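Survey of secondary and tertiary structure
One letter stands for each residue in the lines below.
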Amino acid sequence: MPPRFKSLTWKQTNLVVFTALFFAIAIFVVEIAIQVISTKNQLADAQQELLNSVEQTTTNAVWSLDDKLASQTLQGIIKVDNVGSAVIELDDGSMFVSTANRASNSLGAYASLSQRLFGDLKEISRPLYRPSYFEGNQRQQQLIGTLTVFYDTQKLTNKLFGQLQLGLIATLARALLLTLVLTVVFHRFLTQPIAQISEAIDKIDPDSPDENLLPMSPAHKDDELGLVTSKFNQILLQFSQTQNKLRKMATRDPLTGLPNRTLLLETLNVTIQRSRVHKRHFSLLFIDLDRFKNVNDSLGHALGDQFLARIARILERVVGDRGSVARLGGDEFVILADEIQTPAQAADFVDKLLIQLNTPVQLNEHAIHPAASIGISIYPEDGDTAEDLIRHADIAMYSAKAAGSNQWSFFKQQMTERAAVRLRTEASLHDALKNNEFLLYFQPKFDLNTHKVVDCEALIRWQKDGRLISPMSFIPVAEETGIIIPIGRWVIEQSCKVIREWQRKYNYAIPIAVNVASQQFADASLISDIKQLAIRYQINPELLEVEITETSLMNDVEQAIIKLEQLKTAGFGIAVDDFGTGYSSLSYLRHLPITTMKIDRAFVSDLPKDSAIASTILMLGQQLDFSIVAEGIENDEQLQWLKDNNCEIGQGFFFSEPLPLEEFEQQYIAANTAKILHV
């Protein structure tokens, strides 16, 4: 497991913090020692000074046994700072006078420490002698009592350490401020340039190191950091020159100039790393020329080499900027198509590639008709290493070759089958438009209160070879290939024709809702097409409703609002289909100029057991003054719940399945008496 990254700025900050704290604590300890010694000296001097000042008065009071004078003297003594009590004893040890400070006590936060520091100064005594008298020339002294003063060192200790605490806080504050300043300075002038160099190193392309030289900071161009940067850039330039020479010798096919297997593996590994980081897919094509041995045997190796070189140019031209081409050897080529991410895209690409490859190649007087077998592997489904992807594409190529000349195959057979069906479907869709194979079915929408048909939805069907093809089979292909745009325009035009025909034949028509796919809604000509068709067939815009999926609106909300405003201003109805299955924001929804919201059949099918989402949509629509349509109603319980919760309109198999035009017209338009028959 690699060591966890630790920022240099963080390390410097820690170093400065610990250093500053160490010196702050050391200074604090020294200050304590100095302050304690100074305080003790001051206290001792004050004690001696106090005794000297009261000695004479106290002596006179004891000698004359004046307890009043003695008491007054002691009262004066206990007013001195840090004095707790005072006592005068006579020479026989009996108590004469004593007094004490009522606030004095020996308890506190530093009681033990106070005893250790000032224990020897807690009390001080002085003997009292009879006033001097002289007999002859010799002085004699007579002890008459003792004055003892007791000090409250706890109070002194508290005061002392209170001052030291303030000093410690100030010292720590200065240390932290210094740390902050030094950290900013270090980061600005040292670690930030180093980090920028590190980021530049990450951007160096191994294939072109000289294109990403390290930036030179103006502040460091004349110091060690600038010197390292300059030397590193010199190394990059020299490395690039040497690498280019060696690469040409070791990584290029001498015949075609294409990358060889070595360069292919290197490029493929880089592509895998990038794709893994960005969670992307890409395709690998293994190409083997069919009947190349016949070319060599019949025309000779010289023309065979020319043929291979021409094939290489064709492959490069077809691939363009969507990937790279490599030659493994002989008649085997590989295409790394990093822009082709899906099997569908790969199938399209290979189909077009084979068309180009099959173009005759003229070599001197000989016309050669190339053919190839192609195997396809997809990252990461078919392998997450270069060797696996190449091997699996090779296996798929042999599978294609076994099927005959000019064939291609995916590594996974089911992908080949799906791609083949998709290609056939795409080709058939183009023909279906030309051959008028599409037709419209109509499903009525009922007013759930009056039981009358209020409008209907146009649904496309594909009639091919006498059978109807489900939209689920061809609509996804049409959307992927873009054919959905002309198909969608056909649906709108046919709906306009039907509305006009109903008005002409019955002098009556109901609105028709047409579905617009995401690609069609994004098409710049959609709005003008709808308006022009309505004018061409002379229909009232209110008779045509455009149904757009919630996801289509959210792809580009601002642009969607502009388009919908144009439709609404022109009078067309606008419905949001499949509401609740997307990710629309309510803040956008209230600005969208829509008239109708449709509850998706997935939520209707859960009724009445699970009604939370349907209830929310109904409430939301009522608050925003939208019409609500419930689709996919299949039983009476669902219908009753919707009616009970004030849903206005419904459609579904419970009422009617989608009907061909003639049947719908006879049942709901000609009679003009459409009602719900199941209620």
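Predicted model only: the values in this text are computed from it and were never measured.

With that out of the way, let us pick up the UniProt feature "transmembrane region" (unreviewed entry) in the chain. If you check UniProt for "transmembrane region" (unreviewed entry), the listed places come out as residues 15-34 and 164-186 in our numbering. End-to-end, the C-alpha atoms of residues 15-34 are 29 Å apart, and along that stretch the chain is 100% helix and 0% strand.

What follows deals with the packing of aromatic side chains. If you walk through the whole model with that rule in mind, you get 14 aromatic pairs. Ring plane angle 50° and centroid distance 6.0 Å describe the contact between Phe438 and Trp490, whose orientation is recorded as tilted. Remark: Trp490 occurs in helix H13 (residues 484-506) and Phe438 occurs in strand E14 (residues 438-447); sequence separation between them is 52 residues. Across the pair, exposure class does not vary: Phe438 and Trp490 are buried alike. Ring centres of Phe654 and Phe655 lie 5.4 Å apart, and the angle between their planes is 70°; on these two criteria the pair is classed as edge-to-face. Exposure remark for Phe654: the relative accessible area of 10% places this residue in the buried category. An aromatic cluster is present here, built from Phe442, Phe446, Trp502, Phe654, Phe655, Phe664 and Tyr668 joined pairwise through their rings. Over the aromatic face of Tyr441 sits the side chain of Arg461, whose NZ or CZ is 5.5 Å from the ring centroid.

Before going further, it helps to examine the environment of Val36. Locating Val36 in the fold gives a position in helix H1 (residues 8-63). Expressed as a C-alpha distance, the spacing of Val36 and Phe161, which sit 125 residues apart in the sequence, is 9.7 Å. Sequence-distant contacts of Val36, that is, excluding residues within four places in its chain, are made with Leu117, Phe118 and Leu160.

Here the amide bond leading from Tyr379 into Pro380 is cis, since omega sits at 0°, within 30 degrees of zero. With respect to the element layout, Pro380 can be found in the loop between strand E12 (372-379) and helix H10 (386-402). Cis geometry marks the peptide bond from Leu607 to Pro608; its omega dihedral reads -5°. A positive phi is found at Asp625, a non-glycine position, where the angle reads about 65°. Looking at the secondary structure, you find Asp625 in the loop between helix H20 (612-623) and strand E21 (627-630). Within the chain, Asn646 stands out as a residue other than glycine whose phi angle is a positive 65°. Topologically, Asn646 is positioned in the loop between helix H21 (636-644) and strand E22 (649-650).

Turning our eyes to something else, we now look at H13. Taking 1.5 Å of rise per residue, the 23 residues of H13 would be expected to cover 33 Å, and the 32 Å separating its terminal C-alpha atoms lies within 8% of that figure. If you check which residues of H13 are buried, you get Ile484, Ile487, Gly488, Trp490, Val491, Ile492, Glu493, Ser495, Cys496, Val498, Ile499 and Trp502. One or two residues past the end of H13 sits Asn507, with phi positive at roughly 50°.

Glancing now at the sheet that holds strand E3 (residues 123-129). With antiparallel pairing, the four strands of this open sheet are ordered in space as E2-E1-E6-E3. Here the strands that pair on one side only, and so sit at the sheet edges, are strand E2 (95-100) and E3. Ignoring strand direction, the axes of neighbouring strands in this sheet form an average angle of 10°. Where strand E1 (residues 83-90) meets strand E6 (residues 143-151), seven bridges bridge the pair, whose relative direction is antiparallel. Considered in E6, the bridge of Val83 is made with Tyr151. Contacts from helix H2 (residues 67-78) reach E1, E2 and E6 within the one sheet, and its direction differs from that of E2 by about 30°.

Attention now moves to the sheet that holds strand E9 (residues 332-337). Reading across the sheet, the five strands line up as E8-E9-E7-E12-E13 and stay open at both edges, with mixed pairing between neighbours. The sheet is open, and its two borders are formed by strand E8 (324-329) and strand E13 (408-410), each paired with just one other strand. Strand-to-strand twist in this sheet, taken as the mean axis angle between neighbours without regard to direction, amounts to 20°. Contacts between helix H9 (residues 343-357) and the sheet are confined to strand E7 (282-289), E9, E12 and E13, with E12 contributing the most and set at about 160° to the helix. Its contacts with the sheet put H10 on E7, E12 and E13, and the angle it makes with E12 is roughly 140°.

What counts and how
- Numbering of residues begins from 1 in every chain and follows the order in which that chain's sequence is written.
- In keeping with the model being predicted, local features are shown solely for residues with a pLDDT of at least 70 and side-chain atom pairs are shown and tallied solely at 80 or more, while totals for entire chains, interfaces and linings include all residues.
- Side-chain metrics rest on all non-hydrogen atoms present in the structure, leaving aside hydrogens and water.
- UniProt positions are given in the numbering used here, feature names are shortened, and annotations may be inferred rather than shown by experiment.
- Note on conventions: DSSP H or I runs of at least 4 residues are helices, E runs of at least 2 residues are strands, and numbering of each starts at the N terminus.
- Side-chain rings of Phe, Tyr and Trp, where Trp is taken by its six-membered ring, are said to pair if the distance between their centres is within 6.5 Å; with planes under 30 degrees apart they count as stacked, over 60 as edge-to-face, and otherwise as tilted.
- Burial classes follow relative accessibility: with a 1.4 Å probe on protein chains only, a residue under 20% of its type's maximum area counts as buried, one over 50% as exposed, and anything between as partly exposed.
- Geometrically, a lysine NZ or arginine CZ counts as sitting over a ring once it is within 6 Å of the ring centre and also within 35 degrees of the ring normal.
- Should any heavy atoms of two residues lie within 4.5 Å, those residues are considered in contact.
- In this scheme, a helix's expected span is set at 1.5 Å multiplied by one less than its residue total.
- Should DSSP find at least two bridges between two strands, the strands are regarded as paired.
- The axes are straight lines fitted to the C-alpha atoms, using for helices just the contacting stretch, and the angles between their N-to-C directions are given from 0 to 180°.

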